[in-house]
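# Secondary and tertiary structure notes
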Amino acid sequence: EAGVVQSPRYKIIEKKQPVAFWCNPISGHNTLYWYLQNLGQGPELLIRYENEEAVDDSQLPKDRFSAERLKGVDSTLKIQPAELGDSAVYLCASSQYPAGLGGELFFGEGSRLTVL
Amino acid sequence: AQSVTQLDSQVPVFEEAPVELRCNYSSSVSVYLFWYVQYPNQGLQLLLKYLSGSTLVKGINGFEAEFNKSQTSFHLRKPSVHISDTAEYFCAVSDRGSSASKIIFGSGTRLSIRP
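Residues numbered from 1 in each chain as written. Chains lettered and ligands numbered in written order. Predicted model: local features only at pLDDT ≥ 70, side-chain atom pairs only at ≥ 80, totals over all residues. Heavy atoms only, no water.

### Things to note about the pattern of salt bridges
Under the convention used in this document: Note on definitions: salt bridges are taken to be side-chain nitrogens of Lys or Arg within 4 Å of carboxyl oxygens of Asp or Glu. The helix count covers DSSP runs of H or I at least four residues long, the strand count covers runs of E at least two residues long, and both are numbered beginning at the N terminus. Whether a residue is buried, partly exposed or exposed follows from its accessible area with a 1.4 Å probe, protein chains only, as a fraction of its type maximum: under 20%, in between, or over 50%, in that order.
Counted according to the given criterion, the structure contains 13 salt bridges over all chains. For the salt bridge of D8 of chain B with R22 of chain B, the shortest nitrogen-to-oxygen distance reads 3.0 Å. Of this pair, D8 of chain B sits in the loop between β1 (3–5) and β2 (10–14) while R22 of chain B sits in the loop between β3 (19–21) and β4 (24–26), and the two are 14 residues apart along the sequence. By relative accessible area, which is 31% here, R22 of chain B ends up partly exposed. A salt bridge links R77 of chain B to E20 of chain B, with the nearest nitrogen and oxygen atoms 2.8 Å apart. With R77 of chain B in strand β9 (residues 73–78) and E20 of chain B in strand β3, this pair connects stretches of sequence that are 57 residues apart. Each of the salt bridges in this network shares a partner with another, and the network as a whole consists of R64, E83 and D86 of chain A.

Written as structure tokens, this is what we have:
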């Protein structure tokens, strides 16, 4: 069974440029998460989807970040414009069950963003 | 609100020695608990999880953890580590039974194994 697939693995851009990250979750996993991981820290939730609906986006900086999950499968996370402080690893994860039912997360390898 | 505290940011240990990585959590309700491992330049993968039942949970690669409700702890242990265990380890918690529940991660413990 294929795992969570993310692309690109690495991205280097100049500040004020846009960037987008793509995630394909495990087939049949209705819950999808985007996490931000800064160097030496644990993942921090940006947004959680149940099917197509963003059920928790309270930590997403909506002035520059946006996300979508069309048809309840693939998801895209966009930053426009990027700032120096956005340099981090962006992790996508999916689960078969919601966290409140004990659903464990399956992570992709992450997209490492460097903003110059 | 939930929170997770990993008391040690780094733990150096000699190969074949035992190790314990500490994790404490806080929550106003019952919880599910997880340990994830992250090898260099990779995503996180599940080591083990506590959902219910026995408080001693066994995971992959010889790791185990014990849920202690009175101490609000979920420490990870391995009796004899190998070089291949070098990685970052994250403790995580989610509230049981809530539709709004999310998985909160600790800041991680870097385990370095010395030959």
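### Brief notes about the interface of chain B and chain A
It is common to give the size of an interface as the accessible area lost on bringing the parts into contact. As a reminder, the rule being used: Contacts were defined at the residue level, with two residues in contact if any of their heavy atoms lie within 4.5 Å. Summed over both partners, the accessible surface that disappears when two parts come together, traced with a 1.4 Å probe, is what is meant by buried area. What qualifies as a polar contact is a pair of N or O atoms within 3.5 Å, subject to a donor-acceptor requirement within protein and to the restriction that residues adjacent in sequence count only when both atoms come from side chains. Amino acid classes used here: Ala, Val, Leu, Ile, Met, Phe, Trp, Tyr, Cys and Pro are nonpolar; Asp, Glu, Lys and Arg are charged; the rest, including Gly, are polar.
Listed per partner, the contact involves 25 residues of chain B and 24 residues of chain A. Summed over both partners, the interface of chain B with chain A comes to about 1800 Å²; 50% of that surface belongs to carbon and sulfur atoms. Put simply, chain B and chain A have 2 salt bridges between them. Taking the shortest distance from any N to any O, the salt bridge between E104 of chain A and K49 of chain B comes out at 2.6 Å. Counting every contact that joins chain B to chain A gives 8 residue pairs in polar contact (both at pLDDT 80 or more). At the level of elements, β5 (31–38), β6 (44–50) and β10 (87–95) of chain B are the ones that each hand at least two residues to the side of chain B that touches chain A. The biggest single contributor to the side of chain B that touches chain A is β5 of chain B, with 4 residues. Among the residues forming the side of chain B that touches chain A, the class breakdown is 10 nonpolar, 11 polar and 4 charged.

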